[in-house]
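These are the residues of each chain, in order.
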Amino acid sequence: MKKNLTGKPGLLKEINIGLIKDALVKHGRATRVELASLTNISQPTVNLLIKELLEEGTIISLGVMASTGGRPAESYALNQKKTAMALVVANGDSFKTVITDMNITTEAEAHVLRNKQLCYTEQLAQSLENMIVQYPNIGAIAVGVPGAVTKTGEIFAIPQIPEWEHFPLKEILEERLKLPVVVSNDINSITVGYLSSQEQVQNLVYIHLEGCGIGAGIIIDSKLYPGPSSFAGELGYMKSGNHNAEEILTAASQKCPEEEKSETATLLANILVNMICILNPEKILLGGNDVGECLSQIQELLKNSLPAHVIPPIGILEQEQHHYIKGLGKLGLQLLNQDIQIVRR
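Residues numbered from 1 in each chain as written. Predicted model: local features only at pLDDT ≥ 70, side-chain atom pairs only at ≥ 80, totals over all residues. Heavy atoms only, no water.

S.K.: Tell me what's going on with the sheet that holds strand S9 (residues 154-156), and back it up with residues and numbers.
M.R.: Spatial strand order, S8-S9-S10: 3 strands in an open sheet with antiparallel pairing. The outermost strands of the open sheet, each flanked by one partner alone, are strand S8 (148-149) and strand S10 (167-168). As paired strands, S8 and S9 are joined by 2 bridges and run antiparallel to one another. Within S9, the position partnered with Val-149 by the bridge is Ile-155. (Pairing = 2+ DSSP bridges. Helix = DSSP H or I, 4+ residues; strand = E, 2+ residues; numbered from the N terminus.)

Now the structure itself:
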């Protein structure tokens, strides 16, 4: 049932601003007339909001467009430099911080080694506080972690950073830094980053091996699927025979290289058969642990298990760190554009 918005001009204004920003996100640039058409907002209201958004620096003028016979029109775009984001890639022995603009263009970055005299959270919070002083236009923080993350930002299944086991990192950082924070699983972040550069792909699985650990990022209908318990993609628990995937990888790592390669390929092929049967993805990507050396063997095993026409393209994901930062940036943008997200629902 729709709520009556009459008498709530403040809310209507925020909705209209969200619609204008949404249109500029989708189209890159637009004139006032085009914005009125794209948003179904009256021309006088668009004119007033454009004036306000220009004054506060949320949008910028791109100048007058070339005339096509009518009156020349001024074009506008979001100001990508108005607000910055702090992106964090957390690992067991260090963390990397990256400052980007709203276009996820890197403006500064630093690699920080763990100080064992401080708890991880304290060292990370201090580092972010220093960055906020240096870059006061930071408007959102996105943290990627090697563990599972609940919808509320609590971390679990994170052996690399034991002090964050069942730890509400999002809540702690937001309370201390007074900024919106999103915490995301590393593999999910990489998957989101890759998807942002692949307009034609709507259903995707990315499987990553790291040492004897294995996990997946799953995209369904162009959206990340974490599952109701944030456990989707935790492939280490998946059974193959009498053992789970991590036990098989651990046992394989103790054998000669050729045997390890063969057993890893067999495990991945078994997992992919299940993934294809359940999700039927358009594309599958593999990363980590030199999995490229197993690719041909995996493909042969799949051909022996499934009809050829149901096997999607399988590739190796390159530049994982690039996609990781891109994915964190996309998640950070969702925090900055919360008014847009509300309108889209």
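S.K.: Account for the pattern of salt bridges, naming residues and giving values.
M.R.: One pass over the structure, following the stated rule, counts 9 salt bridges. Note that Glu-163 is salt-bridged to Arg-114, the shortest N-O span being 3.9 Å. Here Glu-163, found in the loop between S9 and S10, pairs with Arg-114, found in the loop between strand S6 (106-113) and helix H4 (120-134); they are 49 residues apart in sequence, far enough to count as distant. Taking the relative accessible area as the measure of exposure, Glu-163 reaches 37% and is therefore partly exposed. Look at Arg-114 and you get buried, because its relative accessible area is 14%. Lys-303 serves as the salt-bridge partner of Glu-300, at 3.7 Å between the closest nitrogen and oxygen. (Salt bridge = Lys/Arg side-chain N within 4 Å of Asp/Glu carboxyl O. Buried < 20%, exposed > 50% of the residue type's maximum accessible area, 1.4 Å probe, protein only.)

S.K.: With reference to specific residues and values, describe the side chain of Thr-83.
M.R.: Relative to the helices and strands, Thr-83 is located in the loop between strand S3 (74-78) and strand S4 (84-90). Residue classification places Thr-83 among the buried positions, given a relative accessible area of 17%. Apart from residues lying up to four places away in sequence, Thr-83 is in contact with Thr-100, Asp-101, Met-102, Asn-137, Gly-139 and Leu-336. (Contact = heavy atoms within 4.5 Å.)

S.K.: Explain the sheet that holds strand S17 (residues 283-287) to me, and be specific about the residues and the numbers.
M.R.: Strand order across the open sheet formed by 5 strands is S14-S13-S12-S17-S18, with mixed pairing between neighbours. Here the strands that pair on one side only, and so sit at the sheet edges, are strand S14 (223-224) and strand S18 (314-316). Across 3 bridges, the pairing between S17 and S18 is parallel. Residue pairing for S18: Ile-284 is matched across the bridge by Ile-314. Running over the sheet, helix H7 (residues 245-252) touches strand S12 (204-210) and strand S13 (213-220) and is turned about 135° from S13. Relative to the sheet, helix H8 (residues 257-279) contacts S12, S13, S17 and S18, its axis offset from that of S12 by approximately 155°. (Axes fitted to C-alpha atoms, helices over the stretch in contact; angles between N-to-C directions.)

S.K.: Quick one: what's the story with the packing of aromatic side chains, residue by residue and with numbers?
M.R.: Under the criterion given, the structure shown has 3 aromatic pairs. Geometrically, the ring pair formed by Tyr-120 and Trp-164 is tilted, given 4.6 Å between the ring centres and 45° between the ring planes. Taken together, the residues span a long stretch of sequence, with Tyr-120 in helix H4 and Trp-164 in the loop between S9 and S10 at a distance of 44 residues. Cluster of aromatic residues (ring-pair linked, three or more members): Phe-95, Tyr-120 and Trp-164. (Phe/Tyr/Trp six-rings, centres within 6.5 Å; stacked < 30°, edge-to-face > 60°.)

S.K.: Give a detailed account of the pairing of S3, specifying residues and quantitative values.
M.R.: Side-chain positions along a regular strand alternate between the two faces of the sheet. When you tally the buried positions in S3, you get 4 out of 5 residues, the bulk of the element. Here 5 bridges tie strand S2 (residues 59-64) to S3, and the two strands are oriented antiparallel to one another. Pairing of Gly-63 across the sheet is with Ser-75, part of S3.

S.K.: Describe the environment of Asn-304, and please don't skip the residues or the numbers.
M.R.: Structurally, Asn-304 is set in the loop between helix H9 (295-303) and S18. The exposure class of Asn-304 is exposed, given its relative accessible area of 66%. Along the primary structure Asn-304 and Met-131 are separated by 173 residues, whereas in three dimensions their C-alpha atoms are 54 Å apart.

S.K.: Lay out helix H6 (residues 186-195) in plain terms, naming residues and giving numbers.
M.R.: For an α-helix, 3.6 residues make a turn, and residues three or four places apart therefore share a direction. In terms of burial, H6 is a largely internal element, 10 of the 10 residues being buried. Asp-186, Ile-187, Asn-188, Ser-189, Ile-190, Thr-191, Val-192, Gly-193, Tyr-194 and Leu-195 are the residues of H6 that are buried. You can read the cap of H6 off the contacts: a side-chain oxygen lies 2.9 Å from the backbone nitrogen of Ile-187, and it is on Asn-185. (Polar contact = N/O pair within 3.5 Å; in protein donor to acceptor, adjacent residues only side chain to side chain.)

S.K.: Give me the lowdown on the packing of H4 against helix H5 (residues 169-177), citing residues and values where you can.
M.R.: One can describe the packing of H4 onto H5 by two numbers: an axis separation of 11 Å at closest approach and a directional angle of 40°. Comparing their axes, H5 and H4 come out oblique. Here the hand of the crossing between H4 and H5 comes out right-handed. Judged by residue contacts, Thr-121, Glu-122, Leu-124, Ala-125, Gln-126, Leu-128, Glu-129 and Ile-132 of H4 engage Leu-169, Ile-172, Leu-173, Arg-176 and Leu-177 from H5. (Parallel < 35°, antiparallel > 145°, perpendicular 65-115°, else oblique. Left-handed = near helix turned anticlockwise from the far one by under 90°.)

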